[in-house]
Amino acid sequence: MLLVHISKSRDHATIVSIPRDTFVRVPEWTDSKGKIHPASYSKINATFGRGDAPLLVQTLESMTNLRIDHYVEVSFLGFKEMVDALGGVEICTKRKINDPKSHLVLPAGTHRLDGITALKYVRTRYFDGMGDLGRMQRQQQFVSAVFRKATSTGVLLNPFKLKNLISAVFKTVKTDETLDQGDIVNLAKQIKNLSPSKMRTMTIPLGTSNGYAPGVGSVVIWHETLAPELFDRLRNDQPVVDQASPSPSAKK
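Residues numbered from 1 in each chain as written. Predicted model: local features only at pLDDT ≥ 70, side-chain atom pairs only at ≥ 80, totals over all residues. Heavy atoms only, no water.

A. Examining helix α1 (residues 44-64) more closely. Here α1 contains 21 residues, and its C-alpha end-to-end distance of 13 Å is more than 12% below the 30 Å for a straight helix at 1.5 Å per residue. A bend of about 135° at Gly51 is the largest found in α1, and the proline Pro54 appears one to four places after it. For α1, the full list of buried residues reads Ile44, Thr47, Gly51, Ala53, Leu55, Leu56, Val57, Thr59, Leu60 and Thr64. Lining the buried residues of α1 we find β3 (23-26), β4 (29-30), β6 (40-43) and α7 (226-235). At the exit of α1 stands Asn65, carrying a positive phi of roughly 60°. (Helix = DSSP H or I, 4+ residues; strand = E, 2+ residues; numbered from the N terminus. Expected span 1.5 Å × (residues − 1). Bend = angle between axes of the 7 residues up to and from the residue. Buried < 20%, exposed > 50% of the residue type's maximum accessible area, 1.4 Å probe, protein only. Contact = heavy atoms within 4.5 Å.)

Structure representation (structure tokens):
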């Protein structure tokens, strides 16, 4: 899960990774059959299985005091189509990868990944002992690489290339009812001058990643002061500053 904030001036962007095992308070919600469910506690990824995207958004808004304007869910196929439409994406891995779960094998060094290999890369999490936290770091690296590729090849500056890219991806994504393909095209045009150096990727500042909640299990807990400070800056459209958050390890 990625929380994306684009500045009002369209010259800065912040992409925040949300650990799937984040411990959250799920607010009262009503399911598709009209049944009311009382507030409860769980891991954040469980909210999607209960109330789909609306409950996930509702939970995040209640925890961050942010307004989430839109939601985009990218399927595996949509991810592959995006990477292939860009002609592949280049990444650099400092150590070799051999993950039997994702079936990804890469030597250390620079690689140009096609859609299928890129999908394996952003999903792998069993080779370095860092679990989901390591996977989020690779996802952040990959998002930055995608943006660099889109800007360096002129995709954002070429209306024809831009429309083709978004059309290819939009066939396999789900969005909220108020967001359509035209909105995505317009936003992409607005950020065409956003340089990669002005895009910040990060993980929500964490306190202890190995907390335990009765009835829920091992959970990730946000830092009690640094996380709210981050949300305040996003809410007020202020630049995100470096935060001295602990660097816990999480073996899952």
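Structure shown, so let's carry the discussion forward.
B. Focus on the packing of helix α2 (residues 76-85) against helix α3 (residues 115-123). Following both chains from N to C, one finds α2 and α3 inclined at 120°, their axes separated by 8 Å at the closest point. As judged from the angle between their axes, α2 and α3 are oblique. The way α2 lies across α3 gives a crossing that is right-handed. Along its contact with α2, which presents Phe76, Phe79, Lys80, Val83 and Asp84, the element α3 presents Gly115, Ile116, Ala118, Leu119, Val122 and Arg123. Broken down by class, the residue content of the contact of α2 with α3 amounts to 7 nonpolar, 1 polar and 3 charged. (Axes fitted to C-alpha atoms, helices over the stretch in contact; angles between N-to-C directions. Parallel < 35°, antiparallel > 145°, perpendicular 65-115°, else oblique. Left-handed = near helix turned anticlockwise from the far one by under 90°. Nonpolar A, V, L, I, M, F, W, Y, C, P; charged D, E, K, R; others polar.)

C. Structural view of the sheet that holds strand β13 (residues 199-203). What the 3 strands build is an open sheet, ordered β1-β2-β13; its pairing is mixed. The sheet is open, and its two edges are formed by β1 (2-6) and β13, each paired on a single side. Neighbouring strand axes in the sheet, compared pairwise and without regard to direction, differ in orientation by 15° on average. In this structure, β1 lies alongside strand β2 (residues 13-17), joined through 5 bridges in antiparallel fashion. Its bridge partner being in β2, His5 is matched across the sheet by Thr14. (Pairing = 2+ DSSP bridges.)

D. Representation of the environment of His5. For His5, the position within the fold is in strand β1. Placed 229 residues apart in sequence, His5 and Leu234 show a C-alpha to C-alpha distance of 6.9 Å. Those residues in contact with His5, other than ones at most four positions away along the chain, are His12, Ala13, Thr14, Leu234 and Asp237.

E. Spotlight on the nonpolar core. By size, the foremost hydrophobic cluster in this structure holds 33 residues, and its most contacted members are Phe79, Leu86, Val89, Leu113, Tyr121 and Phe142. Of all the secondary structure elements, the ones that give two or more residues to this core are β2, α2, β8 (89-93), β10 (104-106), α3, α4 (131-152), α5 (159-170) and α6 (181-190). The element that contributes the greatest number of residues to this core is α4, accounting for 5 residues. The contact partners of Phe79, leaving out residues within four places of it in the chain, are Val74, Gly115, Ala118, Leu119, Val122 and Phe142. In terms of nonpolar packing, the next biggest core, distinct from the first, is built from 27 residues, Leu56, Val57, Leu60 and Val240 among them. (Core = buried A, V, L, I, M, F, W, Y, C linked by side-chain atoms within 4.5 Å.)

F. Structural context of the pattern of salt bridges. Counting across every chain of the model gives 7 salt bridges. A salt bridge links Lys43 to Asp21, with the shortest nitrogen-to-oxygen separation between them at 3.8 Å. Remark: Asp21 occurs in the loop between β2 and β3 and Lys43 occurs in strand β6; sequence separation between them is 22 residues. Residue class for Lys43 comes out partly exposed when judged on its relative accessible area of 21%. (Salt bridge = Lys/Arg side-chain N within 4 Å of Asp/Glu carboxyl O.)

G. Representation of the side chain of His111 in the model. Here His111 lies in strand β11 (residues 109-113). Judged by relative accessible area, His111 falls into the buried class, the value being 16%. A polar side-chain atom of His111 sits 2.7 Å from the main-chain carbonyl oxygen of Pro107. When near neighbours in sequence (up to four residues on either side) are disregarded, His111 contacts Val89, Glu90, Ile91, Thr93 and Leu106. (Polar contact = N/O pair within 3.5 Å; in protein donor to acceptor, adjacent residues only side chain to side chain.)

H. Looking closely at the confidence of the model for the chain. In the predicted model, the chain carries a mean pLDDT of 88, and the fraction of residues at 70 or more is 95%. Counting contacts from residues 244-252, a segment whose pLDDT is below 50, to residues more than four positions away or on other chains yields 28 contacts. (pLDDT = per-residue confidence, 0-100.)

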